[in-house]
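Chain and residue survey
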Amino acid sequence: MLTNDATILKIKHEVLYEVAKLAYSGEFDDKKEDLPYKMIPGLKPKFRCCVYKEREIVRQRVRLAEGLCPNDNGQQESDNVIQVIESACADCPLSHYIVTDNCRKCMARACQQSCKFGAISMGRDRAYIDPDKCKECGMCARNCPYNAIADLIRPCKKACPVGAITMDEETGICLIDDSKCIRCGKCIHRCPFGAIGSKTAIVDVIKSIISGKQVFAMFAPAMEGQFGADITMASIRTACKKLGFTDMYEVGLGADMTAASEAAEWAEAYDEGRKKTTSCCPAFVNMIKKCYPELIECISDTVSPMCGISRMIKKKYPDAITVFVGPCIAKKDEIKDKSIEGNADYVLTYSEIRAIMKAKDVELEACPNDNQTASTFGKRFANSGGVTAAVLESLKESDNCIDAKVCRANGSQECKKALLLMKVGRLPEDFIEGMACDGGCVGGPSSFNDQMASKKNRDALISQADDRGILDNLKNYDMDKFSMHRD
């Protein structure tokens with residue numbers, strides 16, 4: 001599995017690199033059709049059954065890289081940032097029911113008798129399920145007296161926390177239900193065929209940079225520790241300027257802004273006996289809107305740290321284009337909500353920004369960790385429980401010492417449990433901090449490094465920050481110039 005995943009990532013990153021390189025040269029529109037043949041030359045396949053399928057997969061990944069749906073089959077463009085690459089998904093086994101060695105080829109033939117589609121026949125040693133006829137109803141597995149039929153759920157479907165993935169019975173291709181999908185991205189790296197990806201803004205971002213516009217990068221708090229203990233925010237800023245960005249901002253500062261704003265909301269709600277949820281995790285917010293719509297009014301009215309920093313930049317530079325960089329796929333969906341004015345214009349993942357860096361031959365270099373703009377609470381916003389710690393600290397600093405009890409929902413399953421309790425009126429806590437990814441943003445689907453592997457580096461970098469308070473830190477910025485609320 002690790003080898004397959006490494007192969008998938010290699011192909012994905014090579015496509016992003018080639019796209020970024022063409023975009024910087026201004027030749028993307030003219031030469032994008034040549035990329036499949038450049039990357040898959042000759043007649044010998046490298047990882048699939050034939051070069052023609054390999055080239056088709058590359059072609060569809062190139063479409064994703066320019067922000068389009070991968071399958072240009074004349075159908076209406078899906079608005080979902082997460083897409084199924086059909087040519088890659090076709091390699092997944094059609095039937096997830098399989099007969100194991102437990103089969104005794106019994107005379108009752110309960111499996112065969114229960115199948116209404118004629119998909120089961122008797123082989124020499126055991127029963128056999130024809131994947132072309134199987135409709136995955138599960139009757140054979142339920143009726144086998146020896147439990148000899150295993151239900152092999154597709155990895156993408158198993159990973160989805162909201163049941164948004166199904167399979168087309170005709171083609172066997174996975175389908176993502178946009179009305180259920182919360183854009184968490186859990187399915188992307190769970191697919192062993194690399195058949196699920198997300199639309200990217202690489203081309204648009206690079207075109208904005210080379211056109212001479214003011215383009216600002218905004219790096220998520222989860223960045224610290226991802227690339228080693230000597231890669232600081234100053235390292236990122238230096239690299240961003242080499243790429244052509246006007247400047248780089250630390251979104252941990254936006255986390256301080258969000259914490260201060262939510263603290264005021266929590267205090268008011270506590271006094272009125274109302275329960276609230278946090279709003280900084282877009283996948284968690286999507287879960288509420290799509291799975292628990294009766295709780296929408298409980299969502300904090302405060303915008304995310306990404307939006308807060310974007311608004312601050314755009315207030316100072318009215319023509320600015322803001323680009324968020326982090327490990328989150330759902331952030332790509334958040335910016336499409338046009339009801340939230342001043343939000344980021346584009347979102348890139350770590351792999352996408354590294355592809356841009358590779359295209360410009362820019363490396364991350366060690367720099368002193370001496371340019372702090374966020375409090376340690378803002379920096380810890382990316383950890384599960386970090387939002388709660390920051391909001392409670394802000395309440396403490398503002399002398400709003402309410403006895404708030406907070407449910408720290410770590411991961412999608414805990415989020416669902418907490419929201420269900422809130423829905424039925426049995427949540428014992430006053431507030432819910434919801435993080436759809438296990439461990440928080442540091443465990444995001446597009447993290448560069450495993451959160452446990454980077455924890456030591458992250459702790460070392462954050463330990464070098466001073467002990468400035470959240471509210472004292474915000475006094476350095478003109479917070480009256482923009483709003484931290486959704487309206």
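A brief look at the structure comes next. Since we're looking at a predicted model, the values are computed, not measured.

Conventions and cut-offs
- Residues numbered from 1 in each chain as written.
- Predicted model: local features only at pLDDT ≥ 70, side-chain atom pairs only at ≥ 80, totals over all residues.
- Heavy atoms only, no water.
- Core = buried A, V, L, I, M, F, W, Y, C linked by side-chain atoms within 4.5 Å.
- Buried < 20%, exposed > 50% of the residue type's maximum accessible area, 1.4 Å probe, protein only.
- Helix = DSSP H or I, 4+ residues; strand = E, 2+ residues; numbered from the N terminus.
- Contact = heavy atoms within 4.5 Å.
- Pairing = 2+ DSSP bridges.
- Polar contact = N/O pair within 3.5 Å; in protein donor to acceptor, adjacent residues only side chain to side chain.
- Axes fitted to C-alpha atoms, helices over the stretch in contact; angles between N-to-C directions.
- Expected span 1.5 Å × (residues − 1).
- Right-handed = clockwise from strand over helix to strand, strands pointing away.
- Salt bridge = Lys/Arg side-chain N within 4 Å of Asp/Glu carboxyl O.
- Phe/Tyr/Trp six-rings, centres within 6.5 Å; stacked < 30°, edge-to-face > 60°.
- Lys NZ or Arg CZ within 6 Å of the ring centre and 35° of its normal.

Grouped together as the largest cluster of nonpolar side chains are 91 residues, with contacts concentrated most on Val19, Ile202, Phe219, Phe245, Leu348 and Ile356. Per element, the largest residue contribution to this core is 10 residues, and it comes from helix 11 (residues 251-272). Not counting chain neighbours up to four residues away, the residues in contact with Ile356 comprise Ala20, Tyr24, Ile202, Ile206, Leu243 and Leu348. Grouped together as the second largest cluster of nonpolar side chains are 46 residues, Ile85, Ile176, Ile182 and Ile188 included.

Before going further, it helps to examine the sheet that holds strand 11 (residues 276-277). Across the sheet, three strands lie side by side as 11-15-14; this open sheet has parallel pairing. The sheet is open, and its two borders are formed by strand 11 and strand 14 (406-410), each paired with just one other strand. In the sheet, strand 14 pairs with strand 15 (residues 431-435) via five bridges, with the strands oriented parallel. Directly across from Asn410, in strand 15, lies its bridge partner Met435.

Glancing now at the side chain of Ser279. Among the secondary structure elements, Ser279 is positioned in the loop between strand 11 and helix 12 (282-291). A polar contact of 3.2 Å, which involves the side chain of Ser279, links it to the side chain of Glu262. Looking at Ser279, its side chain comes within polar contact range of the main-chain oxygen of Thr302, at 2.5 Å. Apart from residues lying up to four places away in sequence, Ser279 is in contact with Glu262, Val285, Ile299, Ser300, Thr302 and Arg486.

The sheet built from four strands is open, its strands ordered 10-9-12-13 with parallel pairing. Looking along the sheet, the strands with just one partner apiece sit at the ends: strand 10 (247-250) and strand 13 (346-349). Mean inter-strand twist for the sheet, computed between neighbouring axes without regard to direction, equals 25°. In this sheet, strand 10 lies alongside strand 9 (residues 215-219) in parallel orientation, the contact comprising four bridges. By the bridge assignment, Phe216 is partnered in strand 10 with Asp247. Most of the contacts of helix 11 go to strand 10, to which it runs at about 40°, and overall it touches strand 9, strand 10 and strand 12 (321-326).

Compared with an ideal rise of 1.5 Å per residue, which puts 13 residues at 18 Å, helix 19 (residues 451-463) spans 17 Å between its outermost C-alpha atoms and is within 8% of the ideal. Of the positions making up helix 19, those classed as buried are Ser454, Arg458, Leu461 and Ile462. Packed against the buried residues of helix 19 are helix 16 (376-379). Backbone nitrogen of Met452 and a side-chain oxygen of the N-cap are separated by 3.0 Å at the start of helix 19; the cap is Asp450.

Every other side chain in a regular strand lies on the same face of the sheet, so the side chains alternate between the two faces. Across the five residues of strand 15, five count as buried, placing the element largely inside the fold. Burial along strand 15 is two-sided: the face carrying Phe431, Glu433 and Met435 and the face carrying Ile432 and Gly434 are both buried. This β-α-β element, strand 14 to helix 18 (residues 412-423) to strand 15, shows right-handed connectivity.

What follows concerns the environment of Glu294. Following the sequence through the fold, Glu294 ends up in the loop between helix 12 and helix 13 (305-316). In sequence terms Glu294 and Ser87 are 207 residues apart; their C-alpha atoms lie 39 Å from each other.

What follows concerns the pattern of salt bridges. Applying the stated criterion to the full structure yields 27 salt bridges. Among the salt bridges present, the one from Asp459 reaches Lys455, with a minimum N-O distance of 2.8 Å. Highlighted residues: Asp459 and Lys455, both in helix 19, separated by four residues, approximately one helical turn. Look at Lys455 and you get partly exposed, because its relative accessible area is 43%.

Let us now look at helix 9 (residues 202-210). An α-helix turns once per 3.6 residues; consequently, residues spaced three or four apart project the same way. Along helix 9, the positions that sit buried rather than exposed are Ile202, Val203, Val205, Ile206, Ser208 and Ile209. One or two residues past the end of helix 9 sits Gly212, with phi positive at roughly 90°.

On to the packing of aromatic side chains. Going through the model one piece at a time under the given rule, you end up with five aromatic pairs. Members of the aromatic cluster, joined through ring pairs, are Phe216, Tyr249 and Tyr317. Note that Lys331 overlies the ring of Phe324, its terminal NZ or CZ placed 5.7 Å from the centroid. We note Lys360 situated over the ring of Tyr24; from NZ or CZ to the ring centre the distance is 4.9 Å.

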